[in-house]
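Observations on the three-dimensional arrangement
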Amino acid sequence: QFTALSSLLVLSACGGNQAAGDEDGESSGGAVKADIGVISYISGPGAAYGEAITNGLKLAQEEINGKGEVEINLVIEDSAGKQDQALTAAQKLMNSENVTGIIGPTLSTEMNVVGPEADLNGVPIMGTSTTAEGIPQIGDYVFRNSLPEALAIPASIDKAIEKYDAKKVAILYGNDDVFTKSGFDTMKKAAEEKGLEILTIETFQKGQSDYNAQLTKIKGLKPDLILASALYNEGAVIMDQARKMGIDVPFVGGNGFNSPEVINIAGDAANGLIVATPWYGEKEDDKVKEFVGKYEEEYGKKPDQFAAQAYDALYIMAEALKNAGEADRDALRDALAEIKGFNGILGEFSFDEEGDVVMEPTVLVIEGGAFKEFN
Ligand code: PYR
């Protein structure tokens, strides 16, 4: 059934392209045509983020173009998770007249340099996985549909306190990345507000392979919980080494940990990781089930939350383009700002007055090698 459906969508999408034959932005039979630039972490140690994101975008593109109201061409650039490469990609996209808006970049660290440029140039930009504090506040053209750490981490910590009666925590974070630093600030603030005793604060850097010093100290202090702000590579290695040293307490992580790569890398050592996300693939919801089925059929694996957030992001862009009625950067910005009560696979979504997210997180825990709802 899915095969028949997606063939039909591909056919009608192709038909639309052929029939169009006009300039970008002009309507063909009522469809608003636009190039949407994408800056994604496609190569390097965090490439699983970019793979999921571009997969989600392509699936949404196929469906959106098949409906005939909006015709989106994705122009995808690799940032390799690096600020300079993300900026070069953004400049290339912004210099293309046909690019009406940009999705990405993947990391808050990248958005921190790309966002101000996009804002200055009047190009609407939407992060789908940028969760650090202050991203939409960069400017009027900067949006995100990713759940900020400020909403996710307190929800995870609350559940962990409730479940494990946690009182003492150790914090471990990467001090060379905007997202991991911001996640740390949020963790520290939340721990203090909830009356947790912070036994120690340890740091690490990107690409670090040995966490023995930090973990030995943490083990000696006997925390009830470890709060870790890390991207998936470092995060998975930290959990693996912690379990090997006999540290068996739960971890609370931020969005960087929200990838099945943590389980692929750390195996059983990932059990006991608590994260909050707006995405839960096992949800009893028709839209979610349809998306999961199509994604699995197309890519041979289950979608993660990076794929899901990207999928909804392109639908939000499409909705804004349709409401704008033309492929114009200012009109798209204004239409994005007006998005309220959008119903996607992540549930109901609205931007607040700063272009930030209004959304409810679900808290998950890795158990038996899989993300499960943490009740
Ligand atoms: C960030 O860089 O914001 C992530 O959540 C990965």
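Residues numbered from 1 in each chain as written. Predicted model: local features only at pLDDT ≥ 70, side-chain atom pairs only at ≥ 80, totals over all residues. Heavy atoms only, no water.

Re unusual backbone geometry
Here is the rule we go by: Strands are runs of DSSP state E lasting at least two residues, helices are runs of H or I lasting at least four, and both sets are numbered from the N terminus onward. Buried means the residue's accessible area, taken with a 1.4 Å probe over protein chains only, is under 20% of the maximum for its type, while exposed means over 50%, and partly exposed covers the values in between.
Omega for the bond connecting Gly-104 with Pro-105 falls within 30 degrees of zero, at -10 degrees, which places this linkage in the cis form. Note that Pro-105 resides in the loop between β3 (99–103) and α4 (108–121). Look at Ala-80: it is not a glycine, yet its phi comes out positive at around 55 degrees. Counting through the fold element by element, Ala-80 comes out in the loop between β2 (70–78) and α3 (83–94). Judged by its relative accessible area of 10%, Ala-80 is buried. Unlike most non-glycine residues, Lys-222 shows phi in positive territory, near 55 degrees. Along the chain, the position of Lys-222 falls in the loop between α7 (212–221) and β8 (225–229).

What to know about the pattern of salt bridges
For the record, the criterion: Salt bridges, as used here, are contacts in which a Lys or Arg side-chain nitrogen is within 4 Å of a carboxyl oxygen on Asp or Glu.
In this structure the tally under the stated criterion is 17 salt bridges. The shortest N-O distance in the salt bridge between Asp-158 and Lys-194 comes to 2.8 Å. Pair noted here: Asp-158 is in helix α5 (residues 149–164) and Lys-194 is in the loop between α6 (178–193) and β7 (197–204), with a separation of 36 residues, a long-range link. Accessibility expressed as a relative area gives 38% for Asp-158, which makes it partly exposed. By relative accessible area, Lys-194 is classed as partly exposed at 29%. For Lys-289, the salt bridge is made with Glu-284, and the minimal N-O distance between the two is 2.8 Å. A residue is classified by how much of its surface remains accessible, and Lys-289, at 42% relative accessible area, is partly exposed. The exposure class of Glu-284 is exposed, given its relative accessible area of 70%.

So, the packing of aromatic side chains
Selection criterion: To pair, rings of Phe, Tyr and Trp, with the six-membered ring standing in for Trp, must have centres within 6.5 Å; the planes then decide the type, stacked if under 30 degrees apart, edge-to-face if over 60, and tilted in the middle. Only lysine NZ and arginine CZ atoms are considered, and such an atom sits over a ring when it is within 6 Å of the ring centre and within 35 degrees of the ring normal.
If you walk through the whole model with that rule in mind, you get 13 aromatic pairs. Ring centres of Tyr-41 and Tyr-49 lie 6.3 Å apart, and the angle between their planes is 50 degrees; this geometry places the pair in the tilted category. Just as Tyr-41 is buried, Tyr-49 falls in that class too. If you follow Arg-333 out to its NZ or CZ, it ends over the ring of Tyr-141, 6.0 Å from the centre.

Digging into the site of the ligand
For the record, the criterion: Each residue is tested against the molecule or strand, and it is near if at least one of its non-hydrogen atoms lies within 4 Å. Two N or O atoms count as a polar contact when they lie within 3.5 Å, although within protein this holds only if one can serve as hydrogen donor and the other as acceptor, and sequence-adjacent residues are included solely when both atoms are side-chain atoms. Here the open area of atoms and residues is found with the Shrake-Rupley method and a 1.4 Å probe, where only the protein chains shown may cover a residue. Here the term cavity refers to a set of points on a 1 Å grid, laid over the protein atoms alone, in which a 1.4 Å probe fits but cannot get out; the term pocket refers to an open set having protein on both sides within 12 Å along at least five of seven lines, with lining residues being those that place an atom within 4 Å of a point. In this scheme, a molecule is assigned to a cavity or pocket if more than half of its atoms are within 2 Å of the grid points.
Lining the immediate surroundings of the ligand are Leu-107, Ser-108, Ser-129, Thr-130, Thr-131, Ala-132, Phe-179, Leu-231 and Asn-255. One of the side-chain nitrogen or oxygen atoms of Ser-108 is found 2.5 Å away from an oxygen atom of the ligand. A distance of 2.8 Å separates an oxygen atom of the ligand from a polar backbone atom of Thr-131. Burial of the ligand by the protein amounts to 100% of the accessible area it has alone, namely 220 Å². Spatially, the ligand is embedded in the largest cavity.

Considerations on the pairing of strand β10 (residues 273–277)
Working note: regular strand, side chains alternate between the two faces of the sheet. Just so we agree on the cut-off: Strands qualify as paired when DSSP identifies two bridges or more between them. By convention, a crossover is right-handed whenever its connection, traced from the first strand over the helix to the second and viewed with the strands pointing away, goes clockwise.
Counting buried positions along β10 yields 5 of 5 residues, so the element is predominantly enclosed. A two-sided burial pattern is seen for β10, the buried positions comprising Leu-273, Val-275 and Thr-277 on one face and Ile-274 and Ala-276 on the other. As paired strands, strand β9 (residues 251–253) and β10 are joined by 2 bridges and run parallel to one another. Each residue of the ladder has a partner; that of Val-252, found in β10, is Ile-274. Regarding the hand of the β-α-β motif, the stretch spanning β9, helix α9 (residues 261–266) and β10 is right-handed. The pairing of β10 with strand β14 (residues 362–367) spans 4 bridges and is antiparallel. Along β14, the bridge assignment pairs Val-275 with Leu-364.

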